[in-house]
Structure formats: C-alpha cells, structure tokens
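Observations on the three-dimensional arrangement
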Amino acid sequence: MADNKIIAVVVAVIIVVAGVGAYFLLNNGDDSEYRSSNLEGRLLIMGNANNDDYLDEQDIDKLNEIIEQNLDWKTDYPLADANCDGSITEADVEMVQRMVNREAMTINYAYLSSGELVTSSISYPIKNVIAVGDNVVLGLKTLGAESKIVGIALSDSDDPLYSDVSSITSVRGSSTTVPSISLISTVADADTVLVTSTSSRYVTNEAEVVASGVSVVRFNVDGGESGLESMMGTLTMGYLLGLEDEANEYVRFCDSILSDVADKVSSVTTKVTCIATNRTSNVSGVSSEYYQIPVLAGGVNVITADTTYTSWTAGMDWLYAYDFDYIIHSTSLGYGQVDAAAEYSTYSTNFTNLQAYEDGNFVLINANVPAPIRVAYIAAIFYPDIFGEDYGEKLHQEFIDTFIGNLSGSYDVTTDGTFVVTSH
C-alpha cells in the first residue's frame, strides 16, 4: 500500500469532551441518547468530513457545504477528501454515501505521525487480523474482536490479560515487533490483514509482508505526543472492523474519566509539580507519550524542553535545577503477578538522590494500563482529598468488567496485578 502524507494536522487531541459525566461508575450507567460532541478528528477515516467520531449523513451535509461555500477544507476539515485526490467534489459525496451505507468497498483511512496524517487504502470491512504487538491486541480485545484474530505476536503469552488469545497461532519472528513471513503464510488468506502500531520499530519487514500478499494496517495504538492517540486508533480500528458501537462505548468511557478529572482539578489553585520518567533512566520531554499523562491528572510538568533525556543518572546535574513534588515513572508490568518491591527498586535506582524520591514521591505506574485509567490513578495520588485513594482502582475494575471479556468478573485489580507502586 502506498502511503501519502497530508500537510493538514488533526486538531490537538488533549482536549476532552466537556460535560460528559463519568460513564457507569460516575453517572449511574445512564447512556440514553448519548452522542459524542467531540470534533477533534479522532475517527481517522477519510470522508469523516465534519471531524466527529462518526461516519454518517452529517458528513454528507458537510461535504455539500464545503462544495457550495468553497470552504477551506484542508485546514478546517482535513479528513473530508474521501478519495484522496486533493479536491472535494461530488465524487467524494458519492463515495461517502456508499460508506454511510456500509457497502463493502475500498476506502481510505489514516493515522497520525509527527503531526501529519498518513493515509492508505484498505478493503472494508476487515475480516481477519494478524495482530502484532501487545497494545494492538489489547485494542482488539477492548473492541471484542478476538474472533477476528488468526495470528498473533505477543511479548508475554502467559499474561492473564491474553489468556483467551494466547493459543492463537503465534507469528512472532526474531522479536515481538518483527513477524515471521513463513508463519504468516500458515494463517493468512485473501481476507487477512496485519494490524500493528504506527511506531517504526514495529514490522520493520513490512515490504516482505506486503510482498507475501498481506496488507499492513497501522493504527495509533500508543499514546503519541498527546498521551491519548490510542483513542484515535480505537475509533478507526472499530470502524474498519465493523465494530463501531463497541469503539464508541470504549471511547465514551475514556472521555468520561478525562472529563471528570479535568473538572475536579480545575478548582485546584496550587497544582502538584512533577516530572515524567520511563524505562530505567529516561526523563520525558514534551514530545514523549508519557509526558502528558500526569499533566492530564492535574499536575504541572516542570520540564519544558522538547527533548527526551535517555540516559540521565544521578551524576548529571541538570535535573537538580528543577523543583518538583513527584516523579511519575512508567514501565510495562503486565497484568500478572510481579515482585512490586523489586520492580520499584529497579526503576527508582537512578532517581534516589532527588528530593521527590526522598519525600516518598517516586511513583511507579504500569504502562500497560490504558492512558485514561493511568490518569485516574495519578489524579488520586496527586489529590486524594478530591478523588479518594481508590478512584483509579474503581475505574480500572470497571474497564476490566466492561471491556475485557476473559477477565470480567474474575479479575481483581487490587490483588491480581501490580498497577501502581508508591513506596520504597
């Protein structure tokens, strides 16, 4: 599939839907007549002319408006060009009408990369999937798309989160991120596509995969610069798989958490200060996907440079010039049992000379948890008097029981996994 970069940038995805309330837990499950009011262009389907979370008749209306009024669509409606020919005409209207009718056809979708849309074409709907990468598999599970997975590449097939898909044929090659062409050939047919992350380290052998007859579809399944780009991937993947209702329910859940947190911290006059760190010694700059998570939780990140410092150690003095209350450290711990004390020791080692650590404010957070739930956990740590100490746990449990079928009703987030470690 030939990729094609569009100059227009989708509106920033940090802003959340206002006034949504907090899904089942926070608004007693009232879902009557719900429709997202988000207009940030999160559904990255070319033809989503009005930038909302849906592909429907409203997009037909917007296309006609663009044509009749000669609107600046490239700036204001960057997803309007359904056929990707560089202009908005009746051909786009006709194509989107077929899409609204949900006809089987070739359509154009996109993902966000470094502030640009990257577009490709694919046959709709996607029927069979080879899933490469843990975040991809989690996204598919959130949509209830397990039955569509015919091949899989996971970093840890023993993780309880994947107990229902771990027996699917593995296509893992030299690593989780690089699938085996020979193994792909054993599971793929004409209706199979390989789904993976937008990260360049995933499926570095894409040309070989495509040459074998399997299309590669990339989605925003990671946080990106906003920390929330995975919500774009969920909506887009849900559309292409014919699971739009499921995608919109999950994104509604995420929006409600973010809206609730934003509303509650808006009244805080003196905000908690912090830095974001990851791996063993990285300090996240503003372009890191980890940077925005504590900010969305109501913290003020004191790092302002657009740089990720990948090898900070206690002997490098520049960090001592900053004054901050908390260190929020992200790492992948999975959903199984781990030695929390050992993990805390491993990842805090390079930060023990900092005052925040000495104050007991080095926080280890499990990066396998969806971003909005991490926001909830951190908000409760920053402002326990506002949220209550179990705010994150309650919402995480709701996520499991609502969206993760194989763990629903049997998995307890407070005892069966390690998601936040706050003491040394």
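Above this text you will find the structure in question.
Residues numbered from 1 in each chain as written. Predicted model: local features only at pLDDT ≥ 70, side-chain atom pairs only at ≥ 80, totals over all residues. Heavy atoms only, no water.

1. Considerations on the overall build of the protein
When helices and strands are counted, the protein shows 15 helices and 15 strands. Each of the 424 residues in the protein was classed as buried or not, and the buried ones make up 56%. If you take every contact in the protein between residues at least 6 apart in sequence, the share linking residues at least 24 apart comes to 62%. Carbon and sulfur atoms form 46% of the exposed surface of the protein, whose accessible area is close to 17000 Å². (Helix = DSSP H or I, 4+ residues; strand = E, 2+ residues; numbered from the N terminus. Buried < 20%, exposed > 50% of the residue type's maximum accessible area, 1.4 Å probe, protein only. Contact = heavy atoms within 4.5 Å. Areas by Shrake-Rupley, 256 points an atom, 1.4 Å probe, with all protein chains shown as cover.)

2. As for the environment of A145
On the secondary structure map, A145 appears in the loop between α5 (134-142) and β5 (149-153). C-alpha separation for the pair A145 and E246, spaced 101 residues apart in sequence, amounts to 9.5 Å. If sequence neighbours within four positions are ignored, A145 has contacts with L140, L241 and L243.

3. Some remarks on helix α13 (residues 371-382)
Helix length check: α13 (12 residues) gives 16 Å between terminal C-alpha atoms against 16 Å at 1.5 Å per residue, within 8%. For α13, the buried fraction is high: 12 of the 12 residues fall into the buried class. When α13 is considered as a whole, its buried residues turn out to be A371, P372, I373, R374, V375, A376, Y377, I378, A379, A380, I381 and F382. (Expected span 1.5 Å × (residues − 1).)

4. Some points on the pairing of strand β13 (residues 326-331)
The element β13 is largely enclosed, with a buried count of 6 among its 6 residues. The two faces of β13 match: Y326, I328 and S330 on one face and I327, H329 and T331 on the other face are all buried. Sheet topology note: the β13/strand β14 (residues 362-366) ladder contains 5 bridges and is parallel. Bridging from a neighbouring strand, I327 pairs with F362 of β14. (Pairing = 2+ DSSP bridges.)

5. Some thoughts on the pattern of salt bridges
Summed over the entire model, instances satisfying the criterion amount to 12 salt bridges. With a shortest N-O distance of 3.0 Å, D52 and R35 are connected by a salt bridge. A residue pair is termed long-range when its members are at least 10 positions apart, and D52 in the loop between α1 (23-27) and α2 (57-69) and R35 in the loop between α1 and α2 qualify at 17 residues. Assessed through its relative accessible area of 38%, R35 is described here as partly exposed. For R42, the salt bridge identified is with D255, shortest N-O distance 2.8 Å. (Salt bridge = Lys/Arg side-chain N within 4 Å of Asp/Glu carboxyl O.)

6. A word on α5
Here α5 lies mainly inside the structure; 8 of its 9 residues are buried. What α5 keeps buried is the set D134, V136, V137, L138, G139, L140, K141 and T142. Contact partners of the buried residues in α5: β4 (128-132), β5, β8 (192-197), α8 (230-240), α9 (244-265) and α15 (391-403). Just beyond α5, the residue with positive phi is G144, at close to 75°.

7. Thoughts on the packing of aromatic side chains
The full count for this structure, using the stated rule, is 16 aromatic pairs. Ring centres of W318 and Y322 lie 6.1 Å apart, and the angle between their planes is 90°; on these two criteria the pair is classed as edge-to-face. Exposure remark for W318: the relative accessible area of 24% places this residue in the partly exposed category. Exposure remark for Y322: the relative accessible area of 30% places this residue in the partly exposed category. Within the aromatic cluster, the residues linked to one another by ring pairs are Y250, F253, F399 and F403. In this structure, R252 is placed above the aromatic ring of Y34, and the distance from its NZ or CZ to the ring centre is 4.4 Å. (Phe/Tyr/Trp six-rings, centres within 6.5 Å; stacked < 30°, edge-to-face > 60°. Lys NZ or Arg CZ within 6 Å of the ring centre and 35° of its normal.)

8. Digging into unusual backbone geometry
Geometrically, the link from Y124 to P125 is a cis peptide bond, its omega value of -5° lying close to zero. By the secondary structure assignment, P125 is in the loop between β3 (116-124) and β4. Of note, the phi angle at N51 is positive, near 70°, even though the residue is not glycine. Along the chain, N51 turns up in the loop between α1 and α2.

9. Examining the sheet that holds strand β9 (residues 215-219)
Here we have 4 strands laid out as an open sheet, ordered β5-β4-β8-β9, and parallel in their pairing. With partners counted over all chains shown, the strands left at the sheet margins are β5 and β9, one partner each. Between one strand and the next, the sheet's axes are offset by a mean angle of 25°, whatever the strand orientation. Bridge count between β8 and β9: 5 bridges; the pairing is parallel. The partner of S197 across the bridge, within β9, is F219. (Axes fitted to C-alpha atoms, helices over the stretch in contact; angles between N-to-C directions.)

10. Concerning the nonpolar core
The biggest cluster of nonpolar side chains holds 94 residues, and the ones touching the most others in it are L240 and F399. At 10 residues, the largest contribution of residues to this core is made by α13. Among all residues touching L240, those that are not within four sequence positions of it are I45, I107, Y109, I122, Y124, P125, I126 and F219. Formed by 18 residues, the second largest nonpolar core is a distinct cluster that contains I327, L333, A356 and V421. (Core = buried A, V, L, I, M, F, W, Y, C linked by side-chain atoms within 4.5 Å.)

11. Quick notes on the environment of G41
Tracing the backbone through its elements, the reader meets G41 in the loop between α1 and α2. Using a relative accessible area of 1% as the deciding quantity, one classes G41 as buried.

12. Re the packing of α9 against α15
Between two packed helices, the angle of one axis relative to the other and the distance separating the axes together describe the packing. As a packed pair, α9 and α15 sit with axes 11 Å apart at the nearest point and diverge in direction by 170°. When the axis of α9 is compared with that of α15, the two are roughly antiparallel. Residues E249, Y250, F253, I257, D260, V261 and K264 of α9 lie in contact with α15, whose contacting residues are Y391, L395, E398, F399 and F403. Split by residue class, the contact of α9 with α15 holds 8 nonpolar, no polar and 4 charged. (Parallel < 35°, antiparallel > 145°, perpendicular 65-115°, else oblique. Nonpolar A, V, L, I, M, F, W, Y, C, P; charged D, E, K, R; others polar.)

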